[in-house]
Every structure is written in structure tokens, then in C-alpha cells.
Amino acid sequence: MTMLSYDWITIFITFLGTLFLIGEILVNMRGIFGILGLGFITIYFYSFLSPGMFALMMFVYVFGLVLIIIDGKIINDGTLGTIGAASMLIAVGFSAPNWIAGLYSVIGVILGAFASLLFLKAFKRREMWTKIALKDQLTSDAGYNSMNENHASLQGRTGEAMTDMRPVGTIKIEDEEYSAVTNGHWIQKGSKIKVVSVDGTRLLVKTVES
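Calculation rules
Residues numbered from 1 in each chain as written. Predicted model: local features only at pLDDT ≥ 70, side-chain atom pairs only at ≥ 80, totals over all residues. Heavy atoms only, no water. Pairing = 2+ DSSP bridges. Helix = DSSP H or I, 4+ residues; strand = E, 2+ residues; numbered from the N terminus. Axes fitted to C-alpha atoms, helices over the stretch in contact; angles between N-to-C directions. Expected span 1.5 Å × (residues − 1). Buried < 20%, exposed > 50% of the residue type's maximum accessible area, 1.4 Å probe, protein only. Contact = heavy atoms within 4.5 Å. Phe/Tyr/Trp six-rings, centres within 6.5 Å; stacked < 30°, edge-to-face > 60°.

A. Summary view of the sheet that holds strand S1 (residues 158-161). In spatial order, the strands read S1-S2-S3-S5-S4; together these 5 strands close into a barrel with mixed pairing. Sheet twist, expressed as the mean angle between neighbouring strand axes with direction ignored, is 55 degrees.

This is the structure in C-alpha cells:
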């Protein structure tokens, strides 16, 4: 009796096969993961199918992977990726000798696909997913800044409320008018104000005692 005679073994075979194949798509491992994954999946299909069905189900499974790759490189809307994932599940499910083994196999594919995401933590990711996933951090060091430079210089400056602020209104600082907001407090027109903080183009002000 071989190991694959036990239904529960199929979950490990399809898990490892999908883990490495999807991992090869996500990270750049120069084909190593692809070879490992293809080896496990070949063992799975070859163990249960006749030569004719083996070729058919291998084609359906690999075709699903190709659809996922095309979605990641070109389409980026998830449609082909979903169809590809369904093709992979159908291929392993219908290739199993019974429904229990088929269920284990499907679970193995799903777990393997999710587990492959862990490779992104340890290896260099491929560029194919950058269209649908923003991987760069929008930091000042990277040249991104949500704060208007003109407004940034206003922090700590004092001016005058040109309108009643309830709590939004207009302020004037050195002959320039700006829209500003208070921290929930009303400020009367003509009151002396100070810019407490700047968030983008949003100026937070408070009254200043005369």
C-alpha cells in the first residue's frame, strides 16, 4: 500500500504543489519553486489518472495558472485570476479517486495558495503585481508629501479671523487669506488667531489672548 492510498495524504501533495507554483508566480526564485511545485502536482495526477486523463487534468491545472499570470501581468481586474483558481480546484477535485480525497485536495490547493503569500516576506517579489498593489510607502524620503509647502510654513504664525468661525471660516495672515478650522470652538470675526497645526491644506487655529 502506497502513501497516496490514504485520502488525507492528498492534502499535503496539492498543498505543496500549489504552494510552490503560486510562490514562483509571486516571487522571483529563478524557476526553483516552479520545478518543485510541478513535481508535486505531477505526482498527484499521475497517481490517480490514466495517461489520457492525466494529460487533460494537467492541462486544466496549468491553464488555470496561466490565467492567473495573465491577470497579474496584463488584465489586473481579477476576472481571469478567479477563473484560473476555479480551474485548478476543478482539476484536482475531479482527479481524486473519491469525494473525500477530492475534498482534501481542494483544501490543499486553497491552503497552498494562501500560504504562498508568506514567500513575499522572505523573497524578492515579482514586478507583475505592482499594477494592482501599491507597494511603495508614501513617505517624505521617497519624495511624497501630502502637506502643501506654502501652508506648512504657516504653523505657529498668528493672524486675524476675517469671518466668524463656526468652526470653519477665513483667516488672514500677512495680507493673505486662508480657509481654516477651529477645534470645535467658535471664534468671532476680528479675533486674533494662531495656527496650531497644518494637515495638508487644512489649518487648525485657536484664539490668542490679546
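So, next bit.
B. Inspection of helix H3 (residues 51-75) at higher detail. Over its 25 residues, H3 extends 34 Å from the first C-alpha to the last, a length consistent with the 36 Å expected when each residue adds 1.5 Å. Within H3 the residues assigned to the buried category are Met57, Met58, Tyr61, Gly64, Leu65, Leu67, Ile68, Asp71 and Gly72. Next to the buried residues of H3 lie helix H1 (9-26), helix H2 (32-48) and helix H4 (79-95).

C. Looking closely at the packing of aromatic side chains. The full count for this structure, using the stated rule, is 12 aromatic pairs. Relative to Phe119, the ring of Phe20 lies with its centre 6.4 Å away and its plane at 20 degrees, an arrangement referred to as stacked. Here Phe20 is found in helix H1, whereas its partner Phe119 is found in helix H6 (residues 119-122), with 99 residues between them in sequence. Here Phe20 matches Phe119 in class, with each residue buried. Between Phe33 and Phe123 the ring centres are 5.7 Å apart and the planes differ by 90 degrees, which places this aromatic pair in the edge-to-face class. Pair noted here: Phe33 is in helix H2 and Phe123 is in the loop between H6 and helix H7 (149-152), with a separation of 90 residues, a long-range link. Here Phe33 falls in the buried class, since its relative accessible area comes to 7%. Among the aromatic residues, ring-to-ring pairing joins Phe20, Phe33, Phe40, Phe119 and Phe123 into one connected group.

Interpretation note: all reported values are geometric properties and have no functional meaning in isolation.
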